[in-house]
Amino acid sequence: MARVAVVHNTLDFQGGADIVCLTTCAALQEAHDVTLYTLSETAPRALAGRFDIDLDAEALTVRTPAGAVTAARALSSVAPMLGPQLPLRSVLIHRIFERDADAFDLAVSTANEFAFSIPSVQYVHYPQFHTRRLADGSSGPLNRLWSRLGGPKRATLQSDRVTVLANSAWTAGVVGEIYGVTPAVLHPPVDPIDGRERWDEREEGIVVVGRIAPDKRTLDAVRVVDGVRERGYDVHLHVVGAAPRAYRQYVERVEAAAAERSYVTVERDVPRSRIEALLRTHRYGLNLKREEHFGMSVAEYVAAGMIAFAPDGGGQREILDRRDDRLFESVDEAVDLLAAAIDEAEPPDLSSERFSSARFREAIRRAVARTLH
């Protein structure tokens, strides 16, 4: 049994990165003593319940700096003006961890790249340092500062003491451009959803799952359903997902748009059972974020037996096998593709088994074992 530290900047945005973090903790608990370092308001137990992750929260040691909740709330409060500043959170939690690093055999980052002083496995959703754009898609004028304070050098990630993983081939290419190392690709965990309705019994509606946030372009989903309805199709839209404090102003705009339309519903911070109920009973899943680094929601649509649509860029192209009839460049093109799919009325043909959590957990365990030995 090794002493393993999982380092994760924050659980407060309640998205795919956080699913990766808690699934990693759960996978490593079986053979190692695991401690989670994070700067979060959100408790791991609460998030594991929401995402139905089999985590032994009692056995997981959680280390946060003094005043962590206050700091996390403060960063969330200024996020509408400055952005989420994930690299800053990473710099802070990295410095806290390094005070204890000698007590561990291995560090596992589930929130991108770090300059650790001990051997490490580093899972990159999108590089957080030495880049002009942050992981949430916004510009990062302070990134140069955070990179100086906490960013690894190219040689650090090229060391045989470091195993680098990426959530998609697209992200792996970006990592290669910045650091000169090509990570192995390990897609995030997305299990098939049980109890899926037959295609002919599903509602002819659209579901948007995930953070309600500007980078997710949730308001564009409303524009898409407006466009489809203007063509004479009686479709409706469910927006369902996390509403972090950092994006409260944007969430209010989305809710205001829904209030003006009887065919748009917004559900915030609902239990996993409600999300799965929508996914297993509706036909179409929609993602609007450009160059999504992987696209957990897109993979969930596929896992639920839905037809999924997404912008033609980033890792989501891999999920949808680069199909021209599922990938779009604009809102108008998304309307075209959805209308065509409704006319065809053909069920989906992509495998729902492709991204199972069992596959992810085994790959994480193997990466840790290789790096330790």
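Per chain, the residues get numbers from 1 upward, laid out in the order the sequence is written. Since the coordinates come from a predicted model, pLDDT governs what is reported: local features require at least 70, and pairs of side-chain atoms require 80 or more to be given and counted, while whole-chain, interface and lining totals use all residues. Only hydrogens and water are set aside when side-chain values are computed; all heavy atoms of the structure are taken into account.

The name given to the protein chain in an unreviewed UniProt entry is Glycosyl transferases group 1, and the organism recorded there is Halobellus limi.

With respect to the overall build of the protein chain
The way it works is that DSSP assigns letters per residue, a run of H or I at least four long becomes a helix, a run of E at least two long becomes a strand, and they are numbered from the N terminus. Within the protein chain, the regular secondary structure consists of 14 helices and 13 strands. For a compact globule of 373 residues, the expected C-alpha radius of gyration is about 21 Å, and the protein chain comes in at 20 Å, within 12% of that figure. Exposure categories follow from relative accessible area, calculated using a 1.4 Å probe and restricted to protein chains: below 20% of the type maximum is buried, above 50% is exposed, and the middle band is partly exposed. Taking all 373 residues of the protein chain together, 59% fall into the buried category. Relative to all contacts within the protein chain whose residues are 6 or more apart in sequence, the contacts with residues 24 or more apart total 72%. For the protein chain, the accessible area works out to roughly 15400 Å², and carbon and sulfur atoms hold 47% of it. Throughout, radius of gyration means the C-alpha value; the globule benchmark is 2.2 Å times the number of residues raised to the power 0.38. For this analysis, residues touch if any pair of their heavy atoms sits within 4.5 Å. In short, Shrake-Rupley with a 1.4 Å probe defines the accessible areas, and a residue's cover is counted only from the protein chains shown.

Description of the environment of D234
Inspection of the secondary structure puts D234 in the loop between α8 (218–230) and β9 (237–241). Separated by 25 residues in the primary sequence, D234 and V209 place their C-alpha atoms 21 Å from one another. Every residue in contact with D234, bar those within four places of it in the chain, is listed here: E204 and R229. Only 3.2 Å separates the side chain of D234 from the side chain of R229, close enough to count as a polar contact. N or O atoms closer than or at 3.5 Å make up a polar contact, with two conditions inside protein: a donor-capable atom paired with an acceptor-capable one, and, for residues adjacent in sequence, both atoms drawn from side chains.

Quick word on the sheet that holds strand β6 (residues 162–166)
Strand pairing in a sheet relies on backbone hydrogen bonds, with the paired strands running either antiparallel or parallel. Two strands pair if DSSP finds at least two bridges between them. Judged by pairing direction, the sheet is parallel, and its 7 strands sit side by side in the order β3-β2-β1-β4-β5-β6-β7 without closing on themselves. In this open sheet, the two strands that pair with only one neighbour each are β3 (61–63) and β7 (184–185). Pairing geometry for β6 and β7, over 2 bridges, is parallel. Of the residues in β7, the one forming a bridge with A166 is V185. Sheet strands touched by helix α1 (residues 16–29): β1 (3–8), β2 (33–38), β4 (106–109) and β5 (120–124). Its angle to β1, the strand with the most contacts, is close to 175°. With respect to the sheet, helix α4 (residues 86–100) is in contact with β1, β2, β3 and β4, its orientation differing from that of β2 by roughly 145°. With axes taken as lines fitted to C-alpha atoms, and helix axes fitted only over the stretch in contact, angles between N-to-C directions fall between 0 and 180 degrees.

With respect to the nonpolar core
Among soluble globular proteins, nonpolar side chains are generally buried collectively. The criterion is simple. A nonpolar core is a set of buried Ala, Val, Leu, Ile, Met, Phe, Trp, Tyr and Cys residues joined through side-chain atoms within 4.5 Å. Grouped together as the largest cluster of nonpolar side chains are 94 residues, with contacts concentrated most on V224, L237, L279, Y284, L286 and F309. At 8 residues, helix α13 (residues 331–344) tops the list of elements feeding residues into this core. Domain start and stop positions are those given by an automatic or database domain assignment. Composition of this core by domain shows at least three residues from each of domain 1 (2–189 + 356–372) and domain 2 (199–344). Apart from the residues within four sequence positions on either side, L286 is in contact with I206, V207, V208, A221, V224, Y301, F309 and F328. Ranked by size, the runner-up nonpolar core spans 14 residues in total, among them L88, V124, V162 and V175.

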